[in-house]
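Residue strings, one per chain:
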Amino acid sequence: MFLSEPTKKYKQSFIEAMRETEEESSDPDIHKRITEAEQDFDKYLDGLKEQEKDKNLKPEHVPQTTYWLIDNDEYIGAVRIRHSLNEALMKEGGHIGYDIRPSKRKLGYGSKILELVLPKAKILGITKALLTCNSTNTGSIKIIEKNGGILWDKIPGGVDKPDKLRYWIEIK
Ligand SMILES: CC(C)(COP(=O)(O)OP(=O)(O)OC[C@H]1O[C@@H](n2cnc3c(N)ncnc32)[C@H](O)[C@@H]1OP(=O)(O)O)[C@@H](O)C(=O)NCCC(=O)NCCS
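Residues numbered from 1 in each chain as written. Predicted model: local features only at pLDDT ≥ 70, side-chain atom pairs only at ≥ 80, totals over all residues. Heavy atoms only, no water.

Taken as a whole and assessed by the stated rule, the structure comprises eight aromatic pairs. Aromatic pair Phe41 and Trp68: ring centres 6.3 Å apart, planes at 45°, arrangement tilted. With a gap of 27 residues between them, Phe41 in helix 3 (residues 41–50) and Trp68 in strand 2 (residues 64–71) connect regions that are remote in the sequence. Geometrically, the ring pair formed by Trp152 and Trp168 is tilted, given 5.5 Å between the ring centres and 45° between the ring planes. One end of the pair, Trp152, is in strand 6 (residues 150–155); the other, Trp168, is in strand 7 (residues 164–170), and 16 residues separate them in sequence. (Phe/Tyr/Trp six-rings, centres within 6.5 Å; stacked < 30°, edge-to-face > 60°. Helix = DSSP H or I, 4+ residues; strand = E, 2+ residues; numbered from the N terminus.)

What follows is the structure, encoded as structure tokens:
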């Protein structure tokens, strides 16, 4: 099991994973994104590469690097490292975000993807990583705490919005 840069090699399982995600997603654009990725995967990959650069970013975005977790030659999940924090990411998103495809959850992959990405974040100069998650996301809370996350604080949610937990992980 390892983290790979996004590559064409895992296109098939990546698209399958996106279809699984679509079933649980409330994102109105996800279907369009899957179709576009399927039709022109090189363009999709170029888009991810572009996010790493400082130029042409939306004002609210910071450079971001994406890795894919691969096991048995299949795409399992994605993890994104935000190279720096802005005001929005301080509240929600933090330095690192991840997701595991629905059919591969509760098998330990979420814990592994965070473990594997921490050294990559360190190479990008992040020695103390901020992670945020909803207080209702038991799986993610366990993943963060298993990987050394120390609870910083809790931002109160609102009507229909859970509290947000903020953790720091010191990367040794
Ligand atoms: C959260 C998520 C990454 C967990 O991935 P995963 O591969 O299932 O995680 P793991 O298998 O490593 O599970 C870690 C622990 O959480 C538990 N867990 C996982 N999902 C759970 C759930 N829905 N409810 C309760 N516990 C859960 C596991 O049993 C495991 O417990 P253990 O350490 O006591 O054995 C995955 O559900 C996901 O991609 N969700 C959508 C995106 C998301 O929420 N990302 C995180 C944003 S902060």
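This brings us to the nonpolar core. Counting residues in hydrophobic clusters, the biggest one holds 26 residues, and the most contacted among them are Val79, Ile96, Tyr98, Leu114, Val117, Leu131 and Ile144. Among the elements of the structure, strand 2, strand 3 (74–82), strand 4 (96–100), helix 5 (109–123), strand 5 (128–134), helix 6 (138–146) and strand 7 are those that each provide at least two residues to this core. Top element by residues in this core is helix 5. It accounts for six residues. Setting aside chain neighbours within four positions, we find Ile96 in contact with Val79, Arg80, Arg82, Leu114, Val117, Leu118, Ala121, Ala129, Leu130 and Leu131. One finds Ala17, Ile30, Phe41 and Ile70 within the second-largest nonpolar core, a separate group that totals 15 residues. (Core = buried A, V, L, I, M, F, W, Y, C linked by side-chain atoms within 4.5 Å. Buried < 20%, exposed > 50% of the residue type's maximum accessible area, 1.4 Å probe, protein only. Contact = heavy atoms within 4.5 Å.)

Quick look at the sheet that holds strand 4 now. Remark on secondary structure: sheet strands pair via backbone hydrogen bonds, oriented parallel or antiparallel. Strand order in this open sheet of four strands is 1-2-3-4, and the pairing throughout is antiparallel. Bordering the open sheet on either side are strand 1 (2–4) and strand 4, each of which pairs with just one other strand. Adjacent strand axes in the sheet meet at a mean angle of 30° when their direction is disregarded. (Pairing = 2+ DSSP bridges. Axes fitted to C-alpha atoms, helices over the stretch in contact; angles between N-to-C directions.)

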